[in-house]
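Spelled out, the chains give:
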Amino acid sequence: MSSPSAPDPSRRTVLATGSALGGTLLASGLPLTQATAADRTEATRPAGNPWRTVLDDADLVWQRMPTAWYEGPFLGNGLLGSGIYAEPGAASTAVRFNIQHSEVQDHRPEFGSLFGLARLPIGYFTLEQVGAITGLDWRLSLHDAELTGTLTTDKGTLALRALIHNDRSVLAVEVTASEGERGFRWVFHPADAISPRAAFKPLPDGYQGNPPAQVADHDGITAAVQPLLAGGQHVTAWRERARGRTRTLYAHVAHSHPGTTALGRALKAVRRTEQLPYSALAVDHRAWWHAYYRKSFLSLPDARIQRFYWIQLYKTASAARRDAPVMATSGPWLEPTPWPNTWWNLNAQLEYWLIHGSNHLELDAITRALSEFRDNLAQETPTPYRADSLGIPRTTDPQLVNGAASSLMGYGVGVPGQDPPTPEVGNLTWALHNVWLSYRHTMDRSILQDVLFPLLRKAINYYLHFLEPGPDGKLHLPATFSPEYGGDSRDCNYDLMLLTWGCRTLLDTAQLLGVDDPLAPRWREVLAKRAPYPTDDKGFMIGADIPFAKSHRHYSHLLAVYPLYEVTGRTPDERALIERSLAHWVGFEGALQGYTFTGAASMSALLGKGEDALGYLGELMTRFIQPNTMYKESGPVIETPLSAAQSLHDMVCQSWGGVIRVFPALPATWADLVLHDFRTQGAFLLGARRENGATRWVRLVSEAGAPCVVRHGIAGPVDVRDGQGRPLRHVDLGDGAVQIPLRKGESALITAKGDRPDLTVAPVRPYEEAPRWGLPRV
């Protein structure tokens, strides 16, 4: 993509915000106030309930029995999670309802994050039928976040409804059986409370699993109490209530450490919930989900991808909440996996990108966790540097603790120049880029002041301990590790790129906050003198000592292109470098995985190559995405489908560098498209419609009064009007871009000159039919 003919606003102008917003988002976790009612006179109007239309269309269906977690329905509320599929070994007579919880972990740091602090499996219920299964008709309603349908056996039918209640964190499954199936039963199977990694890797010396769970009745409620060797417990409590021919299972999980309060809490949760019939329980649960979806809207003519997108929004809210743990690699749906914790060298970052454009900052656990547990980050930094530096290990538990640092138990923060090869140095800086995105999409000054600046200052300070001048007069980094490629290299691009972004962001932020920081001269020196990014005739290298010469799923050497947008193709040579690097990276088959193709799609979108971006997403869908839109590499790995939703965002809107780019990288087949309340950097809510291959209108609502430059893509002269239809003062920057002075709460509508299009928000028609996700009848 070529750069605007007019220069981008300065980074300080782009970052600036009014002090009136301080603390609003971070304190509440909710979106900021939208435009005033008076400014909504000429506004977009939803037609009926477009959300219900697209969500019903995106429902997953099962007319064949799922046999694994990556085929079946899934429910969750950020804490409790359940994956549903046939019981292995008894597929014809039992269905498994997994019970897992994102807070349930071990507490033995001496065995590291992969064993001693790992997520622990809890167990599962089996719904055991009287007869053998002969048919299935299930539907996962995204709109209501409920599974409904029937299970047919040779003895009768079981009609079921299931949800994980949003607020009560209770799994409720209502079953109505025909006469021949009235003898069905529920059975709970406690899991061995041992790190799932034990099935994949050798155990550390002295490590053993926790003792078995103890199952007992407590005044009509059954509880499986899992004691922990480190103290504390997790408890699964459940009760089945009969109402006529209908029986409803209520189950709750609680965790406590070092105390043993989980039992009382679990019993209380079941006791206060099982009094409610399923229909009553569903009312406020559905209300939360309906409000959640209405925060944004996207419809495009590719039915398969549109459905995939809305399923990812459902999946994200099932797996993430601001006050829940940062998603582990599997989300709340723990299954056998070598990765039973949170990974910070790519996974966590990708998991949360889509919350910004989709207007769901209430799910931002990364900003909350980095702020809340910053003292633990200091303890995870190598001892000589703890006084003024911070880092985050490759893997941590929800409190950002890694524990023992070894290749067996979980790598700690790398030390530049240390031999043999060590883990990453830049993971915290990359995670803080997510925090910066949350600031930029809300302009909430408290994020900048209370979280980003103090933590980024210390993350960059860790690098400053190791930078050293070379004979060429440049500042160089000693050998560090580029995620997953193998081997340490001087001037590793992963670290140079993050260091550059970090120093630039610190200088801009200090100026915004009015801070005269004594380190500012050093940050400027780094930007002026740091070694150039190592490149060769194939593009970006891993580092000065290591060319890119083998298949590699990770884009650790390309972060300056995406997601940092430090190298964007502003000149022909820079664009050629990106194109050459991208082609070389994806040209090696063998190690490529799903997120390789989401990264390639987003980089193609940066270059304005919509056909290429769609092609990469097509490769992802064909080669890696599973029937229920999950993704696996040995076990569940949740980040890739979620990052595919962000790649879609990058195709329909980009807002880096102070310019909002509307429909920057669409393939020709996406001739019609609708956006509503899409959140951009600068805290704007964007609405836009494309019809027959042309943009009809663009509407922006300013929540913060930030500078507004929009590349609208409407051919020819345009009208720019306010919310009451009056002409708005604006500056035409050429090349389809305008600058509009908007105060907080004001809106602007951009149309072709003289055009008065219909502003109704409604789904667009698909250009062809597509199968539903799930396991529909073939």
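Residues numbered from 1 in each chain as written. Predicted model: local features only at pLDDT ≥ 70, side-chain atom pairs only at ≥ 80, totals over all residues. Heavy atoms only, no water.

1. What about the packing of aromatic side chains?
Note on aromatic pairs: each is described by the distance of the centres and the angle between the planes. Our working rule: Note on aromatic contacts: the rings of Phe and Tyr and the six-membered ring of Trp form a pair at centre separations within 6.5 Å, being stacked when their planes are under 30 degrees apart, edge-to-face when over 60 apart, and tilted otherwise. Helix and strand assignments follow DSSP, with helices taken as H or I runs no shorter than four residues and strands as E runs no shorter than two, numbered in order from the N terminus. Only protein chains enter the accessibility calculation, which uses a 1.4 Å probe; a residue is then buried when its area is under 20% of its type maximum, exposed when over 50%, and partly exposed in between.
On inspection of all chains with the given rule, the structure shows 38 aromatic pairs. A ring pair is formed by Phe125 and Trp238, whose centres lie 5.3 Å apart and whose planes are at 85°; its orientation type is edge-to-face. In this pair, Phe125 sits in strand E6 (residues 123–128) while Trp238 sits in strand E14 (residues 233–243), placing the two residues 113 residues apart along the sequence. We classify Phe125 as buried; its relative accessible area is 0%.

2. Quick look at empty space enclosed by the protein
To find the voids left in a structure, one rolls a probe of water-molecule size over its atoms. Rules: Definitions used for this entry: grid spacing 1 Å over protein atoms alone; cavity, a set of points where a 1.4 Å probe fits but cannot get out; pocket, an open set with protein on both sides within 12 Å along at least 5 of 7 lines; lining residue, one with an atom within 4 Å of a point. Grid points are joined across faces, edges and corners, and a volume is the space filled by probe spheres set on the points. Classes in brief: Ala, Val, Leu, Ile, Met, Phe, Trp, Tyr, Cys and Pro nonpolar; Asp, Glu, Lys and Arg charged; the others, Gly included, polar.
The full count for this structure, using the stated rule, is seven cavities of 30 Å³ or more. Lining the largest cavity are 18 residues, with Trp69, Trp333, Glu335, Met630 and Pro636 sitting closest to its centre. Of all elements in the fold, only strand E4 (80–86) and strand E5 (94–101) reach the threshold of two or more residues within the lining of the largest cavity. Classifying every residue of the lining of the largest cavity gives 10 nonpolar, seven polar and one charged.

3. Overview of the packing of helix H14 (residues 493–513) against helix H15 (residues 520–529)
Worth spelling out the cut-off: With axes taken as lines fitted to C-alpha atoms, and helix axes fitted only over the stretch in contact, angles between N-to-C directions fall between 0 and 180 degrees. Oblique is the label for every angle not falling under 35 degrees (roughly parallel), over 145 degrees (roughly antiparallel), or within 65 to 115 degrees (roughly perpendicular). Handedness of a helix crossing follows the sense of rotation of the near helix relative to the far helix, less than a right angle counterclockwise being left-handed and clockwise being right-handed. Residues count as neighbours in contact if any of their non-hydrogen atoms are within 4.5 Å of one another.
Following both chains from N to C, one finds H14 and H15 inclined at 140°, their axes separated by 9 Å at the closest point. Here H15 runs oblique to H14, going by the angle between their axes. Judged by the sense of rotation from one axis to the other, the crossing of H14 with H15 is left-handed. The segment H14 lies against H15, with Leu499, Thr500, Cys503, Arg504, Leu506 and Leu507 engaging Ala520, Trp523, Arg524, Val526 and Leu527.

4. Comments concerning the pattern of salt bridges
Using the following cut-off: Any Lys or Arg side-chain nitrogen found within 4 Å of a carboxyl oxygen on Asp or Glu counts as a salt bridge.
This model, assessed by the stated rule, comprises 37 salt bridges. The closest approach of N and O atoms between Asp59 and Arg139, which form a salt bridge, is 2.8 Å. Remark: Arg139 occurs in strand E7 (residues 133–141) and Asp59 occurs in the loop between helix H3 (50–58) and strand E2 (60–62); sequence separation between them is 80 residues. On the basis of relative accessible area, Arg139 is assigned to the partly exposed category, the value being 32%.

5. Describing unusual backbone geometry
Cis geometry marks the peptide bond from His257 to Pro258, where omega comes out at 5°. Structurally, Pro258 can be placed in the loop between strand E15 (246–256) and helix H5 (262–273). Here Tyr562 and Pro563 are connected by a cis peptide whose omega angle stands at 15°. Of note, Pro563 is situated in the loop between strand E24 (539–540) and helix H16 (572–586). In this structure, Ala145 takes a positive phi of about 55° despite not being glycine. Classification of Ala145 by relative accessible area gives buried; the value is 3%.

6. Regarding the packing of helix H7 (residues 303–319) against helix H19 (residues 639–652)
Contact geometry of H7 with H19 gives a least axis separation of 9 Å together with a crossing angle of 125°. Considered as vectors, H7 and H19 are oriented oblique to each other. Considering how the two elements wind past one another, H7 and H19 form a crossing that is left-handed. Packed against H7, whose contacting residues are Ile305, Phe308, Tyr309, Gln312, Lys315 and Thr316, the element H19 presents Pro641, Leu642, Ala644, Ala645, Leu648 and His649 at the interface.

7. Focus: the confidence of the model for the protein chain
Let me state the cut-off plainly: Scored between 0 and 100, pLDDT is the confidence that the predictor attaches to each residue.
Chain-level statistics for the protein chain give a pLDDT mean of 93 and a share of 94% at 70 or above. Scored below 50 in pLDDT, residues 1–41 shows 115 contacts in the model against residues more than four places distant or in partner chains.

8. Quick word on the pairing of E4
Test applied: Strand pairing is defined by DSSP finding a minimum of two bridges between the two strands.
Across the seven residues of E4, seven count as buried, placing the element largely inside the fold. As judged from the three bridges shared by strand E3 (residues 74–76) and E4, these two strands associate in the antiparallel manner. Its bridge partner being in E4, Phe74 is matched across the sheet by Gly83. Bridge count for E4 against E5 is five bridges, and the pairing is antiparallel. Each residue of the ladder has a partner; that of Ile84, found in E5, is Phe97.

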